[in-house]
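Structural characterization, general
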Amino acid sequence: MATMAPSLDDIERIARQAMIRLPEPFRAHLGSIVLRIDDFPDEETLREMQCESEWELLGLYMGRHVGMKGDVPTGAMPDMIFLYRQPLLAEWCVGDNSLEALVTHVLIHEVGHHFGLSDEDMDAIEAAAGDD
């Protein structure tokens, strides 16, 4: 049987499993967030994030964090978490962690942006979620 690189669907499955392991207060707020897995960020995103290469960005939160929710402007796009498959796979190949641990780490970092959390807060969430 041939071994294939993890697909977009595989990365999404890993990310959704990680979301299930998040502490309840966070899971409850993520129901309306769109999770999108792409091979790479688009050109506009790369420009906005001032990336020199499409390989630099592993994930991105796009939206208003929980503290800013209040009145959502008419026509506002839903909050979204993007994970970028090719940069994730490249990082996984040179790193010491499992793909599941890497995807969980990036997902939690992006979820943290949704909640307006500090890096220390995100580290605590990641420790609580584990990577099985």
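As a starting point, this report considers the structure included with it.

Conventions and cut-offs
- Residues numbered from 1 in each chain as written.
- Predicted model: local features only at pLDDT ≥ 70, side-chain atom pairs only at ≥ 80, totals over all residues.
- Heavy atoms only, no water.
- Axes fitted to C-alpha atoms, helices over the stretch in contact; angles between N-to-C directions.
- Helix = DSSP H or I, 4+ residues; strand = E, 2+ residues; numbered from the N terminus.
- Parallel < 35°, antiparallel > 145°, perpendicular 65-115°, else oblique.
- Left-handed = near helix turned anticlockwise from the far one by under 90°.
- Contact = heavy atoms within 4.5 Å.
- Nonpolar A, V, L, I, M, F, W, Y, C, P; charged D, E, K, R; others polar.
- Patch = residues over 30% accessible without salt bridge, like charges linked within 9 Å, V, L, I, M, F, W, Y side chains within 5 Å.
- Areas by Shrake-Rupley, 256 points an atom, 1.4 Å probe, with all protein chains shown as cover.
- Salt bridge = Lys/Arg side-chain N within 4 Å of Asp/Glu carboxyl O.
- Lys, Arg positive; Asp, Glu negative; His and termini not counted.
- Charge placed at Lys NZ, Arg CZ, Asp CG, Glu CD.
- Core = buried A, V, L, I, M, F, W, Y, C linked by side-chain atoms within 4.5 Å.
- Buried < 20%, exposed > 50% of the residue type's maximum accessible area, 1.4 Å probe, protein only.
- Phe/Tyr/Trp six-rings, centres within 6.5 Å; stacked < 30°, edge-to-face > 60°.

Let's shift gears to the packing of helix α4 (residues 85-94) against helix α5 (residues 99-115). Orientation of α4 relative to α5, taken along the N-to-C sense of each, is 130°, at an axis distance of 10 Å. In terms of orientation, α4 lies oblique with respect to α5. As for how α4 packs across α5, the hand of that crossing is right-handed. Seen from α4, the contacting residues are Leu88, Leu89, Glu91 and Trp92; seen from α5, they are Leu99, Leu102, Val103 and Val106. Among the residues making up the contact of α4 with α5, the classes are represented as seven nonpolar, no polar and one charged.

Another aspect to go through is a negative patch on the surface. Residues Asp42, Glu43, Glu44, Glu48 and Glu54 make up a contiguous surface patch of negative charge. The residue Glu43 is located in helix α3 (residues 43-48) in this model.

Next up on the list: the nonpolar core. Counting 28 residues, the largest nonpolar core has Leu22, Leu35, Ile81, Leu83, Leu88 and Val103 as its most contacted members. Breaking this core down by element, the ones donating at least two residues are α1 (8-21), β1 (34-38), β3 (80-84), α4, α5 and α6 (119-129). A total of eight residues in this core trace back to one element, the largest contributor, which is α5. If near-sequence neighbours (up to four positions away) are discounted, Val103 is found in contact with Ile11, Ile14, Ala15, Leu83 and Leu88.

The geometry of α5 relative to α6 is characterised by a closest axis approach of 9 Å and an angle of 135° between their N-to-C directions. By the angle between their axes, α5 is oblique relative to α6. Like other packed secondary-structure pairs, α5 and α6 cross with a definite hand, here right-handed. Contact residues: Ala101, His105, Ile108, His109, Gly112 and His113 in α5; Asp119, Met122, Ile125, Glu126 and Ala129 in α6.

For the structure on display, the rule yields two aromatic pairs. Between Phe40 and Trp55, the ring centres sit 4.9 Å apart and the planes meet at 85°, which makes this aromatic pair edge-to-face. In this pair, Phe40 is assigned in the loop between β1 and α3 and Trp55 in the loop between α3 and β2 (59-62), connecting sequence segments 15 residues apart. Residue classification places Trp55 among the partly exposed positions, given a relative accessible area of 43%. Residues Phe82 and Tyr84 carry aromatic rings whose centres are separated by 6.1 Å and whose planes lie at 15° to one another, so their mutual orientation is stacked. In this structure Phe82 comes out as buried when scored by relative accessible area, which is 8%. Residue class for Tyr84 comes out buried when judged on its relative accessible area of 2%.

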